[in-house]
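This is what each chain is made of:
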Amino acid sequence: MGQTSTIATPLSAPSSSQTLLRVLTAASFCHLLNDMVQSLLPSIYPILKSSFHLNFTQIGILTLTFQITASLLQPIIGHLGDRTPRPFALPIGMTFTLAGLLLLAVAPTFGWLIFAASFVGIGSAIFHPESSRIARMASGGRHGFAQSFFQVGGNAGSAIGPLLAAFIVLPRGQIGMAWFAIPALLAICILIWVGRWYRTTHTHAAANQRPEATHHTHLSRGKVIGAIAVLIALIFSKYFYLASLTSYYTFYLINRFQVSVRTSQELLFLFLAAVAAGTLIGGPVGDRYGRKYVIWVSILGVLPFTLILPHANLLWTAILSVIIGFVLASAFSAILVYAQELVPGRVGMISGLFFGFAFGMGGIGAAVLGKVADATSIIHVYQLCAYLPAIGLLTWLLPNLEPARKH
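Each chain has its residues counted from 1, following the order in which its sequence is written. Two thresholds apply to this predicted model, a pLDDT of at least 70 for residue-level local features and 80 or more for giving and counting side-chain atom pairs, whereas whole-chain, interface and lining totals are computed over all residues. Calculation of side-chain values draws on the structure's entire complement of heavy atoms; hydrogens and water are dropped beforehand.

(A) Broad picture of the overall build of the chain. Strands are runs of DSSP state E lasting at least two residues, helices are runs of H or I lasting at least four, and both sets are numbered from the N terminus onward. Of regular secondary structure, the chain possesses 18 helices and 0 strands. Burial status follows relative accessibility: with a 1.4 Å probe on protein chains alone, a residue under 20% of its type maximum counts as buried, one over 50% as exposed, and anything between as partly exposed. Counting all 407 residues of the chain, 58% fall into the buried class. The contact rule is simple, with two residues in contact once any of their heavy atoms fall within 4.5 Å. Counting contacts in the chain only where the partners sit at least 6 residues apart, residues at least 24 apart contribute 86% of the total. Carbon and sulfur atoms make up 68% of the accessible area of the chain, which totals about 15,900 Å². To measure how exposed things are, a 1.4 Å probe is used in the Shrake-Rupley method; for residues, cover is taken only from the protein chains shown.

Pasting the structure below:
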């Protein structure tokens, strides 16, 4: 079970730092392409809502299908990867995403949209735990930096997706999605190269195994389980709130401020760009000062801003959403590496669990909040979600782990 971490530590010996950086850059760039393509789904909700006469509940179900498919499969795929390395799982996962993308472009009914969303979810379920494993293997010991660098690719892709949707899909309609087969094919080609590196590196490490350098937390099993539970509660807070912004922010801006669809997507891009920028901060700061401090600030620190957001004008709504996105985004890399240190040797399973739970909370949040929006109003959704970051108070229950030392 601890095979993956055994590989991760000796990697820097046979591999040059330049090679590791190229692999990490490739993983981050493919994360950008993967999440850019996947972010098109919520970005084209206004188009689908009009074309298929969908209500908010159906939009929530569409998001739920994508997110839950990814959520349920990710821990399983991560666990299987811990047991038996699968170097070419990544291009296979991207192929599922490509198939889902093309189905979205030509889907004739809501049922076909659901089917396409499930294919995109399967692609995500394969991509995230396996690529997170690659990022840790190529970290050279700077695990927080590597996860942040890897994550910022995904968040940058999520930010670019709505902007490209506004200029490529919106003028052409649903069929415009097919243009994004090009970046998906590019990602498949790059991931084949990454898979070859993974296979070669694993073969070398298996022939030159050394005792694994693990992070000893000296915590009982009960305390580790309790800490994981707290981290999951924090993920719930973060992603349930983010669901209100990623899935319904455009509708909120249109309904409250009467802006155009294009303007709403441009403002969504600003928010997602702030998320991408904030992601890059959490890992390196956690490496230097400790991950618990990053978690404190990133979750609980946004509470004043989320409470003000529902009462702000358009300008301040844009400003506050950027602040919220930047601060809140720094949490995930710190939470993920903290969890990996709590359970050494289970990189794939832990990555799959937390990526999967994050996706699941996003999907459940979208479905629940869609139902609330239909029953009340989209504005009421933001008034309710404003209190979610208060769950960050649970960070006090996390044990203090030693900050990662510089190498």
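Having seen the structure, we can now continue with the description.
(B) The arrangement of the packing of helix 5 (residues 56-83) against helix 7 (residues 110-137) in detail. Note on definitions: angles span 0 to 180 degrees between N-to-C directions of axes, and those axes are lines fitted to C-alpha atoms, for helices only across the stretch in contact. At their nearest, the axes of helix 5 and helix 7 sit 7 Å apart, and the two run at 35° to each other. In the crossing of helix 5 with helix 7, the sense of the turn from one axis to the other is right-handed. Each residue gets one of three labels, nonpolar for Ala, Val, Leu, Ile, Met, Phe, Trp, Tyr, Cys and Pro, charged for Asp, Glu, Lys and Arg, and polar for the others, Gly among them. Split into classes, the residues belonging to the contact of helix 5 with helix 7 amount to 15 nonpolar, 10 polar and 3 charged. Handedness of a crossing is defined here by the sense of rotation of the near helix relative to the far one, left-handed for an anticlockwise turn of less than a right angle and right-handed for a clockwise turn.

(C) Molecular detail of helix 13 (residues 291-300). Residues of helix 13 that are buried: Arg291, Lys292, Val294, Ile295, Ser298 and Ile299. Down the axis of helix 13, the sector holding all buried residues measures 155°, keeping them to one side. Set apart from the buried face of helix 13 by more than 90 degrees, the exposed residues are Tyr293 and Val297. Note that the arc is defined by the directions from the helix axis to the C-beta atoms.

(D) Local environment of the confidence of the model for the chain. Here the chain shows a mean pLDDT of 82. Residues at 70 or above account for 90%. Every residue gets a pLDDT, meaning the predictor's confidence in that residue, from 0 to 100. Here helix 1 (residues 3-8) is the element of the chain with the lowest mean pLDDT, 40, and helix 14 (residues 303-308) is the one with the highest, 94. This stretch, residues 1-15, has a pLDDT under 50; its non-local contacts, to residues over four places away or in other chains, come to 39 contacts. This stretch, residues 403-407, has a pLDDT under 50; its non-local contacts, to residues over four places away or in other chains, come to 9 contacts.

(E) Layout of the pattern of salt bridges. We define a salt bridge as a contact between a side-chain nitrogen of Lys or Arg and a carboxyl oxygen of Asp or Glu at a distance within 4 Å. Applying the stated criterion across every chain, the model contains 2 salt bridges. Its salt-bridge partner being arginine 133, residue glutamate 130 comes within 3.1 Å of it at the nearest N-O pair. In this pair, glutamate 130 and arginine 133 are both assigned in helix 7, 3 residues apart and thus about one turn of the helix distant. The pair glutamate 130 / arginine 133 is uniform in exposure class, with both members buried. Residues glutamate 341 and arginine 291 are paired through a salt bridge, measuring 3.0 Å at the closest nitrogen-oxygen approach. Here glutamate 341, found in helix 16 (residues 331-342), pairs with arginine 291, found in helix 13; they are 50 residues apart in sequence, far enough to count as distant. Overall, the relative accessible area of 6% leaves glutamate 341 in the buried class.

(F) Main features of a nonpolar patch on the surface. Patch members must show over 30% relative accessible area and no salt bridge, and they are joined within 9 Å when carrying like charges or within 5 Å when they are nonpolar side chains of Val, Leu, Ile, Met, Phe, Trp or Tyr. There is a patch of nonpolar side chains on the surface, built from Ile281, Val285, Tyr289, Tyr293 and Phe326 and spanning about 500 Å² of accessible area. For the nonpolar patch, the element with the highest residue contribution is helix 12 (residues 261-289), accounting for 3 residues. Position of tyrosine 293 relative to the elements: it lies in helix 13.

(G) A look at empty space enclosed by the protein. In this analysis, the protein atoms alone were mapped onto a 1 Å grid. Cavities are point sets where a 1.4 Å probe fits without being able to get out; pockets are open sets with protein on both sides within 12 Å along at least five of seven lines; lining residues have an atom within 4 Å of a point. Grid points are joined across faces, edges and corners, and a volume is the space filled by probe spheres set on the points. Counted under the stated rule, the structure contains 3 cavities of 30 Å³ or more. Approximately 670 Å³ is the volume found for the largest cavity. In terms of lining, the largest cavity is formed by 34 residues, of which the most central are Asp35, Gln67, Ser158, Tyr239 and Thr246. Elements supplying a minimum of two residues to the lining of the largest cavity: helix 2 (17-38), helix 3 (40-43), helix 5, helix 8 (143-172), helix 10 (221-246), helix 12, helix 16 and helix 17 (347-375). Of the residues contributing to the lining of the largest cavity, the split by class is 16 nonpolar, 16 polar and 2 charged. Summarising the domain contributions, the lining of the largest cavity has at least three residues from each of domain 1 (19-201) and domain 2 (219-402). What counts as a domain boundary in this text is fixed by an automatic or database domain assignment.

(H) Spatial organisation of the environment of alanine 227. With respect to the helices, strands and loops of the structure, alanine 227 is situated in helix 10. In the structure, alanine 227 is positioned 171 residues away from leucine 398 in sequence and 5.5 Å away in space, judged by C-alpha atoms. Dropping the residues within four chain positions of it, alanine 227 is found in contact with Leu342, Leu398 and Pro399.

(I) Up close: the nonpolar core. Core analysis: the largest hydrophobic core is formed by 116 residues, its most contacted members being Ile134, Leu231, Tyr249, Phe354 and Tyr382. Sorting elements by how many residues they give to this core places helix 10 first, with 12 residues. In terms of domain composition, this core takes at least three residues from each of domain 1 (19-201) and domain 2 (219-402). Not counting the four nearest positions on each side in its chain, leucine 231 is found in contact with Ile295, Ile335, Tyr338, Ala339, Leu342, Phe354 and Leu398. By nonpolar core is meant a set of buried Ala, Val, Leu, Ile, Met, Phe, Trp, Tyr and Cys residues that side-chain atoms within 4.5 Å join together.

(J) Local environment of the side chain of arginine 133. Looking at arginine 133, the relative accessible area reads 0%, which means it is buried. Each polar contact in these results corresponds to two N or O atoms within 3.5 Å; when the atoms are within protein, one needs to be able to donate a hydrogen and the other to accept it, and residues that are neighboring in sequence are counted only if both atoms are side-chain atoms. Within the structure, the side chain of arginine 133 is placed 3.1 Å from the side chain of glutamate 130, a separation counted as a polar contact.

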